[in-house]
Amino acid sequence: MSDLEDDETPQLSAHALAALQEFYAEQKQQIDLGEDDKYNIGIIEENWQLSQFWYSQETALRLAQEAIAAVGEGGRVACVSAPSVYQKLRELCRENFTVYIFEYDKRFAMYGEEFIFYDYNNPLDLPERIAAHSFDIVIADPPYLSEECLRKTSETIKYLTRGKILLCTGAIMEEQAAELLGVKMCTFVPKHTRNLANEFRCYVNYDSGLDCGI
């Protein structure tokens, strides 16, 4: 090959090379994740543009334990826009119950068949394999504190659940939550890894271990 041909060989810019190296690093990280690591809360970083705020370890554990107690062995749990609870459930238990994560963020597709793409704007646009009233409990955390978001998410919740509902949303949504889902506020107060401006609360429609006033 001549010197001229050498000069004409395409070269990556410094920016493109850095982007390529970042891509390979991310791929390597995903490959390196072991079974014990991939369910860690925070393994997927929050995307504030998607209104993502992860629960603290203590809150995720408490909600996961509540779900396990509510469904019993062999039960089915749906986590709607609540990835922290899904991760904690899978960290605690791998085989003796079924759990699905309904999530808009496709980064969570790393969880394979348990990931269901979900857009609250199309609340009933779900795969055929997800049958109506097929979950013993639905844990939901609508991404936005708006009546529209809660109303549409409620359609999904009522479609999925056989009865039990555990809703996490702002304290300001208490009246709307009661009207849409028949839930009441619990005394347990969920916490996030970051301090949020709005007070968050849990709501249920059954006699739960979250010390609610039902």
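Residues numbered from 1 in each chain as written. Predicted model: local features only at pLDDT ≥ 70, side-chain atom pairs only at ≥ 80, totals over all residues. Heavy atoms only, no water.

Labelled according to an unreviewed UniProt entry, the protein appears under the name EEF1A lysine methyltransferase 1, originating from Macaca mulatta. Per UniProt, the comment on the protein under Sequence similarities (unreviewed entry) is "Belongs to the class I-like SAM-binding methyltransferase superfamily. EFM5 family." Note on the protein: under the UniProt heading Catalytic activity (unreviewed entry), the record states "L-lysyl-[protein] + 3 S-adenosyl-L-methionine = N(6),N(6),N(6)-trimethyl-L-lysyl-[protein] + 3 S-adenosyl-L-homocysteine + 3 H(+)". (UniProt positions renumbered as here; feature names shortened; annotations may be inferred.)

Within the structure shown, the criterion is met by six aromatic pairs. Pairing Y100 with F135 gives two aromatic rings, centres 5.8 Å apart and planes at 85 degrees, and the pair type is edge-to-face. Here F135 lies in strand β4 (residues 135-140) and Y100 lies in strand β2 (residues 98-103), a separation of 35 residues in the sequence. Residue Y100 shares its accessibility class with F135, and that shared class is buried. Residues F102 and F135 carry aromatic rings whose centres are separated by 5.9 Å and whose planes lie at 80 degrees to one another, so their mutual orientation is edge-to-face. Pair noted here: F102 is in strand β2 and F135 is in strand β4, with a separation of 33 residues, a long-range link. The exposure class of F102 is buried, given its relative accessible area of 0%. (Phe/Tyr/Trp six-rings, centres within 6.5 Å; stacked < 30°, edge-to-face > 60°. Helix = DSSP H or I, 4+ residues; strand = E, 2+ residues; numbered from the N terminus. Buried < 20%, exposed > 50% of the residue type's maximum accessible area, 1.4 Å probe, protein only.)

Glancing now at helix α5 (residues 147-160). An ideal rise of 1.5 Å per residue puts 20 Å on 14 residues; α5 measures up with 20 Å between its terminal C-alpha atoms. Buried-residue contacts for α5 involve β1 (76-80), β2, β4, β5 (161-170) and α6 (174-181). (Expected span 1.5 Å × (residues − 1). Contact = heavy atoms within 4.5 Å.)

Glancing now at the pattern of salt bridges. For the coordinates displayed, the defined rule picks out seven salt bridges. Two residues, R162 and D136, come together in a salt bridge whose shortest N-O distance is 2.9 Å. In this pair, R162 is assigned in strand β5 and D136 in strand β4, connecting sequence segments 26 residues apart. Classification of D136 as partly exposed rests on a relative accessible area of 22%. (Salt bridge = Lys/Arg side-chain N within 4 Å of Asp/Glu carboxyl O.)

Residues apart from glycine generally show negative phi values, whereas peptide bonds are mostly found in trans. Of note in this structure, S81 is not a glycine but carries a positive phi near 55 degrees. When you line up the elements, S81 lands in the loop between β1 and α4 (83-92). Residue classification places S81 among the buried residues on the basis of a relative accessible area of 17%. With a phi angle near 55 degrees, H133 is a residue other than glycine that sits in the positive phi range. Relative to the helices and strands, H133 resides in the loop between β3 (115-117) and β4.

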